[in-house]
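# Structure at a glance
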Amino acid sequence: MGQGLGKDSPILLTLGKGNYEALISRHGQWVRWRTATKCPCVKGSSMQPDIHCTKCGGLGYTYGYQDTVIVSQTVMVKDNSGVIALDAAYTNQPLVKCYDNAGVEYPNAIKKDTFVLLNAQTVPVKGTYVTVVMAENILKTAKNVLLDSIGNNWYRVHGLRVSKPETEGLYHTAAGDIEEISGITDALGNKFTATEIRQDCVYIPAITDVQTDEETGETTEIEIVPDSQLIAESVSYVPPFTFVILNQNLSKSDEQVMQENNGDAVLTFPYGYDVAADDVITVLSGTYTQKNIIVKKDDEYDVIPAYFVDEIVKCVGENREYIFGTDFIVCGTNYIKWLCDDCPEEGEGYSITYKVFPTYKVVKSIPQIRTSENQRMPKKAVIKLYDTYGEARGVNKK
């Protein structure tokens, strides 16, 4: 009968960075992560938000994204040149610090593209492992990007979707969130402006130009409709993240923490990310269907009572059924913008059937102080399915 390893076994159990990165890569899901920040309107002995606050809409939190994440690569020294060669993926990441497996730091190290010059009088010998720590911007920028029309003045930006083709039976793609888009032009040089943003799509209305008759001097206004393809000079976006969400087969400690905090699942994420309480995690790998009655308000938009809506399958009013893309569109994360003249009147109810991306709120971070093989282990947090939403007051329309 086989026996387990004893405490003095000479066999080294490896739980290094590669193992945990493989766990997240294989079992992770594409998610949209928004960081929560306490609004300055939360003050006083009650610590209640100001319901009239224009910054947070009375929620007490504003939402954004983490600016940078710490990344690292450990490389074995191959010669005595004092130069370390990194992978091509780390070309543009600035250097934070550099140290070897003996704990010796190299404060004068300089990074140029994928090479690190240690700049030390005594360089590590061949076979020594050196860890290079770098900072990576979460906000990415794409230059000279093509925009394709998808109908009704909406355009999809190329290159912002990711997929996991190596996962059998999983064919979905996930889009990054555009934060800013500038310099939109057509083939003739006409300049346009995006007025709505939804994940990797933007709404670009027609523009008005003034033409002057050379003989009479009379001016005429003409409408210029954007072409089927446009070019954006610069697009800043936050790509989707790969996190692991589990609610089964948890360790006893994780199961206990989840139950104590009335959570629905445990989130596992790379140690470089600062996921904290009240952050919002939206799973982009699947949807579930809901039905609601919406009451039309005297506003340009109607809000759907869900945090992040994928699409509206059916919309039926008192007099007729409304068609997506013709009578209305979905903007931001969960609001309806009407396009037709005979939309429901103020106070009138209409029925919608729609698909929702599951969204969780971070309840509590689980302390992870262990390291393994000189590498930081991934972090964990307890999350709970988000039943409330922060879109009614325009907190997260992008």
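Described in the following lines is the structure provided in the data block. (Residues numbered from 1 in each chain as written. Predicted model: local features only at pLDDT ≥ 70, side-chain atom pairs only at ≥ 80, totals over all residues. Heavy atoms only, no water.)

## Description of the side chain of T114
With respect to the helices, strands and loops of the structure, T114 is situated in the loop between β6 (110–112) and β7 (115–117). Once residues lying within four places of it in the same chain are set aside, the contact partners of T114 are I84, A85, L86, D87, A88 and T91. (Helix = DSSP H or I, 4+ residues; strand = E, 2+ residues; numbered from the N terminus. Contact = heavy atoms within 4.5 Å.)

## What to know about empty space enclosed by the protein
Applying the stated criterion to the full structure yields two cavities of 30 Å³ or more. In this structure, the largest cavity encloses a volume near 50 Å³. Lining of the largest cavity is provided by V31, R32, W33, R34, A175, G176, D177, V238, P239, P240, F241 and L284. A per-element tally of the lining of the largest cavity places strand β1 (residues 29–38) first, with four residues. Per-class residue counts for the lining of the largest cavity are eight nonpolar, one polar and three charged. Within this model, the second largest cavity holds a volume of roughly 30 Å³. If you go around the second largest cavity, the residues you meet are V77, D79, G82, V83, I84, L118, V123 and P124. Taken together, the residues that form the lining of the second largest cavity break down as six nonpolar, one polar and one charged. (1 Å grid on protein atoms, 1.4 Å probe; cavity = no way out; pocket = protein on both sides within 12 Å on 5 of 7 lines; lining within 4 Å. Points joined across faces, edges and corners; volume = space filled by probe spheres on them. Nonpolar A, V, L, I, M, F, W, Y, C, P; charged D, E, K, R; others polar.)

## Quick word on the packing of aromatic side chains
One pass over the full model with this rule turns up 15 aromatic pairs. Measuring from ring centre to ring centre gives 5.2 Å for W33 and F241, while their planes differ by 70 degrees; the resulting arrangement is edge-to-face. Taken as a pair, W33 in strand β1 and F241 in strand β20 (residues 241–246) lie far apart in primary sequence, 208 residues in all. In this structure F241 comes out as buried when scored by relative accessible area, which is 7%. The interplanar angle of 90 degrees and the centroid separation of 4.4 Å between the aromatic rings of Y301 and Y335 together place this pair among those described as edge-to-face. Linking Y301 in strand β24 (residues 301–303) with Y335 in strand β28 (residues 335–338), this pair joins segments that are 34 residues apart in sequence. With respect to burial, Y301 and Y335 carry one shared label: buried. An aromatic cluster of at least three residues, connected via ring pairs, comprises W33, F241, F243, F269 and Y273. (Phe/Tyr/Trp six-rings, centres within 6.5 Å; stacked < 30°, edge-to-face > 60°. Buried < 20%, exposed > 50% of the residue type's maximum accessible area, 1.4 Å probe, protein only.)

## Some thoughts on the nonpolar core
With 33 residues, the main nonpolar core has I84, F243 and Y273 as its most contacted residues. For this core, the secondary structure elements donating two or more residues are β1, β3 (68–76), β8 (129–137), β20, β21 (265–269), β22 (280–283), β30 (359–366) and β33 (379–385). Ignoring any residue separated from it by four or fewer positions in sequence, one finds F243 in contact with G28, Q29, V31, W33, L267, T268, F269, P270, Y273, V275 and I281. Listed in part, the 18 residues of the second largest apolar core include A142, F192, I197 and V235. (Core = buried A, V, L, I, M, F, W, Y, C linked by side-chain atoms within 4.5 Å.)

## Some details on the side chain of T268
Within the element layout of this structure, T268 appears in strand β21. In contact with T268, other than residues within four places in its own chain, are F243, V244, P378, K379 and K380.

## Considering the sheet that holds strand β27 (residues 328–331)
The strand order across the open sheet formed by three strands is β24-β28-β27, and the pairing between neighbours is antiparallel. With one partner strand each, in any of the chains shown, β24 and β27 form the two edges of the open sheet. Neighbour-to-neighbour, the strand axes of the sheet open up by a mean angle of 30 degrees, direction not taken into account. Of the pairings in the sheet, the one linking β27 to β28 comprises four bridges and is antiparallel in character. Across the sheet, the residue bridging to I329 is K337, located in β28. (Pairing = 2+ DSSP bridges. Axes fitted to C-alpha atoms, helices over the stretch in contact; angles between N-to-C directions.)

## Considering a nonpolar patch on the surface
The grouping of V83, I110, F115 and L117 at the surface amounts to a nonpolar patch, some 340 Å² of accessible area in total. Structurally, the position occupied by L117 is in strand β7. (Patch = residues over 30% accessible without salt bridge, like charges linked within 9 Å, V, L, I, M, F, W, Y side chains within 5 Å. Areas by Shrake-Rupley, 256 points an atom, 1.4 Å probe, with all protein chains shown as cover. Salt bridge = Lys/Arg side-chain N within 4 Å of Asp/Glu carboxyl O.)

## Here we look at a negative patch on the surface
The grouping of D213, E214, E215 and E218 at the surface amounts to a negative patch. Tracing the backbone shows E218 in the loop between β17 (207–212) and β18 (219–224). (Lys, Arg positive; Asp, Glu negative; His and termini not counted. Charge placed at Lys NZ, Arg CZ, Asp CG, Glu CD.)

## What about the sheet that holds strand β14 (residues 191–192)?
Pairing within the open sheet is antiparallel, and its seven strands lie in the order β14-β13-β19-β9-β10-β16-β15. Each of the sheet's edge strands pairs with one partner strand only, and the pair in question is β14 and β15 (196–198). As judged from the seven bridges shared by strand β13 (residues 177–185) and strand β19 (residues 229–238), these two strands associate in the antiparallel manner. Bridge pairing in β19 places D177 opposite V238.

## Details of the pattern of salt bridges
All chains considered together, the criterion is met by 13 salt bridges. In this structure, R34 and E179 form a salt bridge, with 2.9 Å as the shortest nitrogen-oxygen distance. Placement of R34 in strand β1 and of E179 in strand β13 is noted, with a sequence separation of 145 residues between them. Per residue, the accessibility class of R34 equals that of E179, and both read buried. Residue E311 pairs with K355 through a salt bridge whose shortest N-O separation is 3.8 Å. Of the two residues, E311 is situated in strand β25 (residues 309–316) and K355 in strand β29 (residues 349–356); the sequence distance between them amounts to 44 residues. Using a relative accessible area of 28% as the deciding quantity, one classes K355 as partly exposed. When salt bridges that share partners are traced, they join R32, R34, D177 and E179 into one network.

What is shown is where atoms sit, not what they do.
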